[in-house]
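Chain by chain, the residues:
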Protein chains: 2
Amino acid sequence: MSELSEHNHDRLIEEVSGEMPDDDMLYDLAELFHIFGDSTRIKILYALFESEMCVCAIAQLLNMNQSAISHQLRILKQSKLVGCRREGKTIYYHLSDDHVKTIINQGMQHINE
Amino acid sequence: MSELSEHNHDRLIEEVSGEMPDDDMLYDLAELFHIFGDSTRIKILYALFESEMCVCAIAQLLNMNQSAISHQLRILKQSKLVGCRREGKTIYYHLSDDHVKTIINQGMQHINE
DNA sequence: CTTTCATATGAATAACTGTTCATATGATAA
DNA sequence: TTATCATATGAACAGTTATTCATATGAAAG
């Protein structure tokens, strides 16, 4: 590698480095996408597009056992992607905000091309 | 559960079921997000926002060894998120399309709230 | 041809993750 | 209280994955 290109090489790295967000932010970002990166969770989120649902309804819809759904709902709740409300014995889950829809739809758009 | 609410319960499941995309599509969607769900890959993609870069530059920028970057680039290339061109011994990687930026920015927007 | 540089690849390993099973909690009804 | 229904949780297991190390490929230069 010539001295000139080596210079450019290092300059590029420095430049790009200056434009990169904090490591923490990039970590959080990866963590967010990681949540979406599981088909069960995507299905749950997609189901909640339509309306709030209780755990057993989601389990029935996805044809999976209640425990598996409950575990995934906990993860979704911890990351603030869903919320829930109690009504007697039943607990209804719902999407926290419309960002979830936007992100999933954006992904869908990418798939369909 | 009363007969009425049981009826509504089943009707809801049927309704939501009708609105759900194919399993295959949801699987692909999860797979797409799964790619973004790793901090090394996010960092690589973010770096390529600015300009194309060769493998060793990315490795240097992220302070990781060349092999690790190479492995991740292969995954990104397989999922068509990045492309590359050869120039002598050097191989330059770049983002495949602007969808990648859009998806990542959407995620960023969600984080910053 | 041989050396060198940039990149790719395979095997190995350690860490992580999703599901299941069994059981616990918590609310309602009897 | 006891029984029952809806949900949550912990432990265990199987499958997956990111990184490292060692080595291979492939291109250019000498």
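Residues numbered from 1 in each chain as written. Chains lettered and ligands numbered in written order. Predicted model: local features only at pLDDT ≥ 70, side-chain atom pairs only at ≥ 80, totals over all residues. Heavy atoms only, no water.

## Observations regarding the protein's contact with DNA strand D
Around DNA strand D sit 27 residues, and of these S67, S70 and Y93 of chain A together with T40 and S67 of chain B come closest. Across the atoms of DNA strand D situated within 4 Å of the protein, the share located in sugar and phosphate is 62%. Contact between DNA strand D and R41 of chain B: a phosphate oxygen at 2.8 Å from a side-chain N or O atom of the residue. Mapped onto the surface near DNA strand D, the elements with two or more residues apiece are α4 (55-62), α5 (66-78) and β3 (90-95) of chain A together with α3 (39-50) and α5 (66-78) of chain B. In terms of residue class, the surface near DNA strand D is made up of 9 nonpolar, 12 polar and 6 charged. (Near = heavy atom within 4 Å. Polar contact = N/O pair within 3.5 Å; in protein donor to acceptor, adjacent residues only side chain to side chain. Helix = DSSP H or I, 4+ residues; strand = E, 2+ residues; numbered from the N terminus. Nonpolar A, V, L, I, M, F, W, Y, C, P; charged D, E, K, R; others polar.)

## Here's the deal with the relation of the copies chain A and chain B
After a rotation of 180° and a shift along the axis of 0.0 Å, chain A superposes on chain B with an RMSD of 0.1 Å. What we have between these two chains is a two-fold relation. Both copies present the same face, since 100% of the interface residues in chain A are matched by interface residues at the equivalent positions in chain B. (Least-squares fit on C-alpha atoms with pLDDT ≥ 70 in both. Contact = heavy atoms within 4.5 Å.)

## Quick word on the interface of chain A and chain B
Facing the 51 residues of chain A at the interface are 51 residues of chain B. On the surface where chain A and chain B come into contact, there are 2 salt bridges. As a salt-bridge pair, D23 of chain A and K43 of chain B come within 3.2 Å of each other at their nearest N and O atoms. Here chain A and chain B share 4 residue pairs in polar contact (both at pLDDT 80 or more) between them. Listed by contribution, the elements that provide at least two residues to the side of chain A that touches chain B are α1 (3-19), α2 (23-36), α3 (39-50), β1 (53-54), α4 and α6 (98-111) of chain A. Looking at the side of chain A that touches chain B, the element that brings in the most residues is α2 of chain A, giving 11 residues. Its residues placed into classes, the side of chain A that touches chain B shows 27 nonpolar, 14 polar and 10 charged. (Salt bridge = Lys/Arg side-chain N within 4 Å of Asp/Glu carboxyl O.)

## As for the sheet that holds strand β2 (residues 82-87) of chain B
All names here are of chain B. Reading across from one edge, β1-β3-β2 is the order of the 3 strands in this open sheet, with antiparallel pairing throughout. Each edge of the open sheet is held by one strand with a lone partner, namely β1 (53-54) and β2. Sheet analysis places β1 next to strand β3 (residues 90-95), joined by 2 bridges and oriented antiparallel. Its bridge partner being in β3, C54 is matched across the sheet by Y92. (Pairing = 2+ DSSP bridges.)

## Observations regarding the protein's contact with DNA strand C
The full set close to DNA strand C counts 26 residues, and R41 and S67 of chain A together with S67, S70 and Y93 of chain B are the nearest of them. Protein-adjacent atoms of DNA strand C, using a 4 Å cutoff, are sugar or phosphate at a proportion of 63%. Note that a base oxygen of DNA strand C is positioned 3.2 Å from one of the side-chain N or O atoms of H71 of chain A. Side-chain polar atom of Q66 of chain B to a base nitrogen of DNA strand C: 2.8 Å apart, as the coordinates give it. Listed by contribution, the elements that provide at least two residues to the surface near DNA strand C are α3 and α5 of chain A together with α4 (55-62), α5 and β3 of chain B. Ranked by residues supplied to the surface near DNA strand C, first place goes to α5 of chain B with 5 residues. Along the lines of polarity and charge, the residues of the surface near DNA strand C split into 8 nonpolar, 12 polar and 6 charged.

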